[in-house]
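Structural overview
What follows is each chain in one-letter form.
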Amino acid sequence: MTDPTLLRWRLLLGEPGGACLGGQELDERAAARDAAVDWLYGRDEDLRRRGVRQGGTGGSTLTTFDWLDDIARLFPKETIERLHRDAIERYEIHDVVTDPAVLARIEPNPALLKAVLRTKHLMNPQVLRLARRIVEQVVRQLMEKLAPEVRSAFSGTKVRRPGRMRLARNFDMARTLRANLGRYRPETGKVVIETPFFFSRTRRHLEQWQVILLVDQSGSMTDSVIHSAVTAACLWGLPGVRTHLVAFDTDVVDLTADVDDPVELLMKVQLGGGTDIARAAAYGADLVDQPHRAIVVLISDFYEGGDPHRLVRVVRDLVAQGSKVLGLAALDEEANPAYDRELAQRLADAGAYVGAMTPGELASFVAEHVGR
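Anyway, here's the lowdown on the structure attached to this text. Quantities reported herein were computed from a predicted structural model and do not represent experimental measurements.

How each quantity is defined
Residues numbered from 1 in each chain as written. Predicted model: local features only at pLDDT ≥ 70, side-chain atom pairs only at ≥ 80, totals over all residues. Heavy atoms only, no water. Helix = DSSP H or I, 4+ residues; strand = E, 2+ residues; numbered from the N terminus. Buried < 20%, exposed > 50% of the residue type's maximum accessible area, 1.4 Å probe, protein only. Contact = heavy atoms within 4.5 Å. Areas by Shrake-Rupley, 256 points an atom, 1.4 Å probe, with all protein chains shown as cover. Pairing = 2+ DSSP bridges. Right-handed = clockwise from strand over helix to strand, strands pointing away. Salt bridge = Lys/Arg side-chain N within 4 Å of Asp/Glu carboxyl O. 1 Å grid on protein atoms, 1.4 Å probe; cavity = no way out; pocket = protein on both sides within 12 Å on 5 of 7 lines; lining within 4 Å. Points joined across faces, edges and corners; volume = space filled by probe spheres on them. Nonpolar A, V, L, I, M, F, W, Y, C, P; charged D, E, K, R; others polar. Expected span 1.5 Å × (residues − 1). Arc of directions from axis to C-beta. Polar contact = N/O pair within 3.5 Å; in protein donor to acceptor, adjacent residues only side chain to side chain. Phe/Tyr/Trp six-rings, centres within 6.5 Å; stacked < 30°, edge-to-face > 60°.

Points about the overall build of the protein chain
- The helix and strand inventory of the protein chain stands at 16 helices and 10 strands.
- The 372 residues of the protein chain split such that 47% are buried.
- Contacts in the protein chain between residues far apart in sequence, at least 24 positions, make up 74% of those at least 6 positions apart.
- For the protein chain, the exposed area adds up to about 19,100 Å²; of that, 50% sits on carbon and sulfur atoms.

Listed below in structure tokens is the structure:
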């Protein structure tokens, strides 16, 4: 029986890794896996130069559709998702998102959503309808994950006084046990509860705040565009919050009318192009109604193609009038930052909060200021 670890190394290295198995031939299933992996990674010139994946044991006539069928049959879900992501992002195999047969077959996932947003301008109406299905499914998954975080950030806080709402989530265990300890039953090891106690929840009166999201839609910011759209949809309609969403490259597009429909919003976004952050910041500044109740969130990598001096000036003016300015270097699930630190530091010096936040952390930041 082949050692599973050695077999994995053989599949990772391709034919040059044959020594891992001592010259032993692959069985039928392993050979099919090797052919599927080689179909994707065998096109990588860098791997070939390093003596990895120099041709597999299978044929090279697989279509993308056949390959998707093969990997769905041969690999676990986690591996399939990685293969999908590499096919789309690393090797730019566009028929994954432009061929109707392939689109109908592939499982929607975040990597596929990003590919759809980047290539939707290449799609005919039939393909675009199928692509919209992918956008809808992935956005729904993101909403299901993010919405509870946003609601939690805006929920009332528990206070230690008796409450009338006898709900399980408000149960005051410590006070209940203290009050009923006299009813402890040694024979059963239990406390008989005669009088339960509950916390009450308070919610401050919330005056209306503006939250203005300015989102860089250049090609490198795809994750941020997706999560900004979903975050804006989650904030929409919350008490005390009026949300704006503005996308920009060298132009500025106000997408606020579609904030409650993140699918429609994402289908309208045009990724790519240059970047004029200063122009977007000036547009956002013009939207402010009450400076002391405005949060302007600038989501960008801060690689300015416009006038950085103007950008710093706009941010300084916003801060001086009492608005909160938040510069976010990333807005994806992990908030991995990649940005121009020099310009970001200049914005921080002008009074902006600058950092990297997940969507949930952004919601908490907004809730903290809205609740004051």
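Structural notes on the pairing of strand β8 (residues 294–299)
- Here β8 lies mainly inside the structure; 6 of its 6 residues are buried.
- In β8, alternate side chains face the same way, and those of A294, V296 and L298 on one face and I295, V297 and I299 on the other are all buried.
- Taken together, the 6 bridges between strand β5 (residues 209–216) and β8 define a ladder with parallel strand orientation. Counted as the bridge partner of L214 is L298 from β8.
- Following the backbone out of β8, through helix α14 (residues 308–320) and into the adjacent parallel strand β9 (residues 324–328), one traces a crossover that is right-handed.

Description of the pattern of salt bridges
- Per the stated rule, a full pass over the model turns up 8 salt bridges.
- Across the pair R73 and D70 runs a salt bridge whose closest N-O atoms are separated by 3.1 Å. Here D70 and R73 lie together in helix α4 (residues 64–74), a separation of 3 residues that amounts to about one turn.
- Judged by its relative accessible area of 19%, D70 is buried.
- For R242, the salt bridge is made with D289, and the minimal N-O distance between the two is 2.6 Å. Here R242, found in strand β6 (residues 241–248), pairs with D289, found in the loop between α13 (277–287) and β8; they are 47 residues apart in sequence, far enough to count as distant.
- One continuous salt-bridge network, built from bridges that share partners, spans R132, E136 and E264.

Points about empty space enclosed by the protein
- Using the criterion set out here, one finds 3 cavities of 30 Å³ or more in the structure.
- One number sums up the size of the largest cavity: a volume of about 50 Å³.
- Only α11 (222–235) and β6 provide two or more residues apiece to the lining of the largest cavity.
- Residue contributions to the lining of the largest cavity peak at 3 residues, all from α11.
- The class makeup of the residues in the lining of the largest cavity is 8 nonpolar, 1 polar and no charged.
- Approximately 40 Å³ is the volume found for the second largest cavity.
- In terms of lining residues, the second largest cavity is bounded by Q208, W209, Q210, R242, D289, Q290 and R293.

Considering the environment of R341
- Relative to the elements of secondary structure, R341 occurs in helix α15 (residues 341–349).
- Of the residues examined, R341 reaches a relative accessible area of 52% and is grouped as exposed.
- As a C-alpha pair, R341 and V354 span 13 residues in sequence and 9.9 Å in three-dimensional space.

Quick notes on α14
- Given a rise of 1.5 Å per residue, 13 residues ought to cover 18 Å, and the 18 Å separating the end C-alpha atoms of α14 matches this to within 8%.
- The set of residues buried in α14 consists of L311, V312, V314, V315 and L318. Down the axis of α14, the buried set is contained in an arc of 160°. They therefore lie on one face. Facing away from the buried side of α14 by more than 90 degrees, the exposed set consists of H309 and A320.
- Buried residues belonging to α14 abut α13, β8, β9 and α15.
- For α14, the capping residue at the N-terminal end is D307, with a side-chain oxygen 3.0 Å from the backbone nitrogen of H309.

Considering the side chain of H227
- Residue placement: H227 occurs in helix α11.
- Under the relative-accessibility criterion, H227 is labelled buried at 10%.
- Leave out the neighbours within four places in its chain, and H227 touches L142, L331, D332, E333 and P359.

As for the packing of aromatic side chains
- Under the defined criterion, the tally for this structure stands at 4 aromatic pairs.
- Pairing W39 with W67 gives two aromatic rings, centres 4.7 Å apart and planes at 25°, and the pair type is stacked. Of this pair, W39 sits in helix α2 (residues 28–41) while W67 sits in helix α4; the two residues are 28 residues apart in sequence, bridging distant segments of the chain.
- Relative accessible area serves as the criterion here: at 12%, W39 is assigned to the buried category.
- The class for W67 is buried, based on a relative accessible area of 1%.

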